[in-house]
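Each chain is listed here by its residues.
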Amino acid sequence: MAPPTGPRVGTGRAPPRGPRATGGGGGIQKRRANPRTDRDGDVSMDAPAGGSGRGGLASGGRGRGSKDARGGRGAVNSRTASRVVQNLQNYVSGGPVGKTQSNMATLKIHGMSNSKATGNRDGGLRSLLTFLERKASKDKAVTIGKSIMDGDYVWITVRKDDAPEILRLNGFTYAGAPLTITETTERMPRPEDKISKAAEETKQKLTAVLAARYNPELKLLDLSSLGTDPILSSMGTFDSKDRAEKAFKVLVVIASQQYKTAAEKREGIQAISLASNGLNDVMQVFTLATSLPDIKRLDLSSNNLDSLSKISKWQHRFQYLEELHLTGNPITTQPDFVAELIKWFPSLQNINGQIVRSPQEVAEALKGMHPTPLPQFPSNLRDGEANVASIFVQVFFPMFDTDRARLAAEFYDDDSWFSIQAIANSGRNLPWKTYLKYSRNVHKLGEKNPATVQRLFTGGNLIADMWKALPSTRHPSMENPGAWLIDCHTFPNLADPTGHGFATGLLITVNGQFEESDTTENLYGKRTFTRTFILGPSKPSNPPPVHPYRVISDQLTLHDWTPAETPAGQAPVANQVPQVPVPNAVPPAEPVILDDATKNQLIQEVMKRTGMTAEYSELCLSGTANWNFELALKSFEEQRANLPPTAFINAV
């Protein structure tokens, strides 16, 4: 925003300086320089952790050496070298750096605030981390991953197999204060969770400005002549063009955040005035279009807008804008500005107090912006004279609701694939809890995540075992075609199971909704889904297969979940109940709860039996096996051919 033309309060005042950036008293951060230590390696409390800094280079760098008992200037001791190597290994393996992995533990440390190290520039955080690593690294090098200081606690992450070494230091005295160290499953605080005191004071001042300028009767937010506002002027808001534009952006964002929903915001703020602010381009206040897009009245009068190009950035933005004031701007002398503005804003009826379009013309303009959507075509089953797809889907879904073990035995063989992709609603994790541990959502997991291999279930037996852990379902009857959208097309060039040439299969895509009963979480609701099958000829066998075709690939994608109130002990009832009785529905598997020691023993045993790394052994146990040792070995045998070389110890 350009500096306003009106008088300003407090001109000549220098902008207040923000707090200087220091080493950081909190925040997840990378390790910097080692603190100064005495001859025994303990923290020296009479010197800053980053070095003296007087008469030398910038403090805090690792490259700056110091003469001490460990060697000459610039010397790197063996512990520092091993830490560098460990950090590189962590980076390559996806350890402490980046997102917290399944092999990471979170620890909370209390007592730091009572230590002498709190006088250090960073509050003693770096010296504490060095102390913990040094004391814990007795038998092996222990490296701390992320760290953050939050109130009276210091939070750190370490590899799970290193956690006992850190927990062993519980009760140790550091810089005169006893430490209490515990492991926690709580989410580690993030830097963005903490708002500095200065930022909070600034927000309170800007909120006061908005409150004084809001007219609830007119639902008007008056942001005109901002340069005369005493609070904004005292904050140095208009000392530069850049600061003025940033201040306006923050003002609009804060105003938008006062409302919980878009409907409340649309009702609460219907008019905005930006008159007399010296604007020469709406780009200076563009944030208004994104934060408050549904306003009906806008006043831009007495500014310096001299051409349509200076307003064009808002073209097609305010779809509900009915009234626009531009008097006192050079643009009003252009003969075609009204006609162009009508094209840009479909609801616009009043410009500078003059009616320029009727409500009927506005309705036609809005209709043109929202064309009629394409119709949804009915199901399209192209499966030939044998009606293979029609028969398959009519048998498959009732059997999935009532007898999943039999379904897997009849239609799936040792080479069949099954996977789930859960597209969870944001902020509603509980209804997805059962599915997420099996979800093979590559977008969420990442292509290199080993879970993308572990969660591709191969073989009818393994698929049937996995299905037991899923909630009970009830699909609508096939006699209700409006509840289904099914497409089927031929799928050429499948490998013929007899080993001679190629065969033709079927690609079937089913879209619909089913009722769901998750008794472990006491959740009942409806869920939309897409299920894609590839069917191909069955393999020759003795006795002959039950059906002449088999499921080669089955991918289930889960979409929205809608809760339903169901009394305790009563199963959900569908509008159209399939003919197969419901009481035989497969109950979800009960979760297994084991202590960490037992889990570690199981992981070690799987490593011995399979030769896999600890990470893959844990994935094998915690997946569909649900910490069942025999089932984990069975899963390993099913998945052995699909595992990458890095899954095995000899390849690491």
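Just so you know, these numbers come straight off a predicted model, no measurement behind them.

Student: Sorry if this is basic, but what is going on with the overall build of the protein chain here?
Tutor: Tallying secondary structure elements over the protein chain gives 19 helices and 21 strands in all. Burial analysis of the protein chain (652 residues in total) assigns 43% to the buried set. Intrachain contacts of the protein chain at a sequence separation of at least 6 include 68% that bridge at least 24 residues. Of the roughly 34,800 Å² of accessible surface on the protein chain, 52% is carried by carbon and sulfur atoms.

Student: Would you mind going over the sheet that holds strand β11 (residues 323-325) with me for this structure?
Tutor: What links the strands of a sheet is backbone hydrogen bonding, and the strands pair in either a parallel or an antiparallel sense. One open sheet accounts for seven strands, arranged β7-β8-β9-β10-β11-β12-β13; its pairing is mixed. Looking along the sheet, the strands with just one partner apiece sit at the ends: β7 (214-215) and β13 (354-355). One ladder, built from three bridges, connects strand β8 (residues 220-222) with strand β9 (residues 271-273); its direction is parallel. Bridge pairing links D222 to S273 in β9.

Student: Can you walk me through the sheet that holds strand β2 (residues 147-150) in this structure?
Tutor: One open sheet accounts for four strands, arranged β2-β3-β1-β6; its pairing is antiparallel. The sheet is open, and its two edges are formed by β2 and β6 (180-184), each paired on a single side. Put simply, the sheet's adjacent strands are angled 25° from each other on average, direction ignored. Note: strand β1 (residues 104-110) against β6, five bridges, orientation antiparallel. Looking across to β6, one finds that H110 is bridged to T180.

Student: Looking at this structure, how should I read the pairing of strand β18 (residues 485-495)?
Tutor: Strand residues, when the strand is regular, have side chains that alternate between the two faces of the sheet. Here nine bridges tie β18 to strand β19 (residues 502-518), and the two strands are oriented antiparallel to one another. Within β19, the residue paired with D487 across the bridge is T509. As consecutive antiparallel partners, β18 and β19 are separated by six residues, and within that stretch G499 has a phi angle of approximately 90°, a positive value.

Student: When you look at the nonpolar core in this model, what are you seeing that I'm missing?
Tutor: Across soluble globular proteins, nonpolar side chains show a tendency to be buried alongside one another. If you look at the biggest cluster of nonpolar residues, it comprises 43 residues, and the most contacted ones within it are L274, L288, W314 and L341. Mapped by element, the contributors of at least two residues to this core are α4 (197-212), α6 (241-257), α8 (287-291) and α9 (337-344). Residue contributions to this core peak at six residues, all from α6. The contacts of L274, once residues within four sequence positions are left out, are L223, S224, F248, L279, V285, L288, D299, L300, N303 and W314. V388, F397, L506 and L535 belong to the second-largest nonpolar core, a separate cluster that totals 42 residues.

Student: Can you walk me through the confidence of the model for the protein chain in this structure?
Tutor: Low-confidence regions, as indicated by low pLDDT, have predicted coordinates that should not be scrutinised in detail. In this model, the protein chain carries a mean pLDDT of 75, and residues with pLDDT of at least 70 account for 72%. In the model, residues 1-77 has pLDDT below 50 throughout and makes 120 contacts with residues more than four positions away in sequence or in other chains.

Student: What is the right way to read the packing of helix α12 (residues 404-411) against helix α16 (residues 460-468) from this model?
Tutor: Relative orientation and spacing of two packed helices are given, respectively, by the angle between their axes and the distance between those axes. Between α12 and α16, the shortest axis-to-axis distance is 9 Å and the interhelical angle comes to 160°. Judged by the inter-axis angle, α12 sits roughly antiparallel to α16. The crossing of α12 and α16 is right-handed. Here R404, A405, L407 and A408 of α12 come into contact with α16, specifically with G460, A464 and W467.

Student: Can you help me understand the pattern of salt bridges in this one?
Tutor: Pairs may arise between side chains of opposite charge once their charged atoms sit close together. If you walk through the whole model with that rule in mind, you get 19 salt bridges. Residues K219 and E267 are paired through a salt bridge, measuring 2.2 Å at the closest nitrogen-oxygen approach. Separated by 48 residues along the polypeptide, K219 in the loop between β7 and β8 and E267 in helix α7 (residues 262-268) bring together distant segments of the chain. K219 gets classed as partly exposed once you look at its relative accessible area, which sits at 22%. Residue class for E267 comes out partly exposed when judged on its relative accessible area of 44%. For the salt bridge of D306 with K310, the shortest nitrogen-to-oxygen distance reads 3.4 Å.

Student: Sorry, what's going on with the packing of aromatic side chains here?
Tutor: In this description, an aromatic ring pair is defined by two values, namely the gap between the centres and the angle between the planes. In this structure the tally under the stated criterion is 20 aromatic pairs. Their ring planes at 45° and their centres at 6.0 Å tell us that F397 and F529 sit as a pair that is tilted. With F397 in helix α11 (residues 388-402) and F529 in strand β20 (residues 523-537), this residue pair connects regions lying 132 residues apart in the sequence. Take F397 and F529: they sit in the same class, and that class is buried. Lying across the ring of Y153, K108 places its NZ or CZ 4.4 Å from the centre. Above the ring of F400, the side-chain terminus of R404 is found at 4.3 Å from the ring centroid.

Student: Can you walk me through unusual backbone geometry in this structure?
Tutor: Across the chain, the bulk of peptide bonds are trans and the bulk of non-glycine residues have phi less than zero. The residue after N542, namely P543, is reached through a cis peptide bond having omega 5°. Checked against the element boundaries, P543 lands in the loop between β20 and β21 (549-563). Positive phi, close to 55°, is recorded for K219, a residue that is not glycine.

Student: I'm lost on the environment of P471 in this one. Help?
Tutor: Within the secondary structure layout, P471 lies in the loop between α16 and β17 (472-474). A sequence separation of 37 residues divides P471 from T434, and the C-alpha atoms of the two residues are 7.7 Å apart.

Student: Could you clarify how one ought to interpret α16 in this entry?
Tutor: Side chains that are three or four residues apart share a direction in an α-helix, a result of its 3.6 residues per turn. When you tally the buried positions in α16, you get seven out of nine residues, the bulk of the element. All of the buried residues in α16 are G460, L462, I463, A464, D465, M466 and W467.

Student: What's the story with the environment of I148 in this structure? I'm lost.
Tutor: Position of I148 among the secondary structure elements: in strand β2. C-alpha of I148 to C-alpha of P189: the two residues are 41 residues apart in sequence and 7.4 Å apart in space.

Student: I keep staring at the side chain of R357 and nothing clicks. Help me out?
Tutor: Tracing the backbone shows R357 in the loop between β13 and α10 (359-369). With no salt bridge to any partner, buried R357 finds its closest opposite charge in E361, at an N-O distance of 5.5 Å. Residues contacting R357, with those up to four places away along its chain left out, are I342, F345, P346, S347, L348, Q349, V362 and A365.

Student: What is the right way to read the environment of G227 from this model?
Tutor: Inspection of the secondary structure puts G227 in the loop between β8 and α5 (230-234). Residue classification places G227 among the buried positions, given a relative accessible area of 1%. Considering only alpha carbons, one finds G227 and S276, 49 residues apart in sequence, at a separation of 9.0 Å.

Student: Got a minute to help me understand the side chain of E410 in this structure?
Tutor: Here E410 lies in helix α12. Side-chain polar atoms of E410 contact the side chain of H547, separated by 3.1 Å. When neighbours within four sequence positions are excluded, E410 is seen to be in contact with M399, V546 and H547.

Criteria and cut-off values
Residues numbered from 1 in each chain as written. Predicted model: local features only at pLDDT ≥ 70, side-chain atom pairs only at ≥ 80, totals over all residues. Heavy atoms only, no water. Helix = DSSP H or I, 4+ residues; strand = E, 2+ residues; numbered from the N terminus. Buried < 20%, exposed > 50% of the residue type's maximum accessible area, 1.4 Å probe, protein only. Contact = heavy atoms within 4.5 Å. Areas by Shrake-Rupley, 256 points an atom, 1.4 Å probe, with all protein chains shown as cover. Pairing = 2+ DSSP bridges. Axes fitted to C-alpha atoms, helices over the stretch in contact; angles between N-to-C directions. Core = buried A, V, L, I, M, F, W, Y, C linked by side-chain atoms within 4.5 Å. pLDDT = per-residue confidence, 0-100. Parallel < 35°, antiparallel > 145°, perpendicular 65-115°, else oblique. Left-handed = near helix turned anticlockwise from the far one by under 90°. Salt bridge = Lys/Arg side-chain N within 4 Å of Asp/Glu carboxyl O. Phe/Tyr/Trp six-rings, centres within 6.5 Å; stacked < 30°, edge-to-face > 60°. Lys NZ or Arg CZ within 6 Å of the ring centre and 35° of its normal. Lys, Arg positive; Asp, Glu negative; His and termini not counted. Polar contact = N/O pair within 3.5 Å; in protein donor to acceptor, adjacent residues only side chain to side chain.

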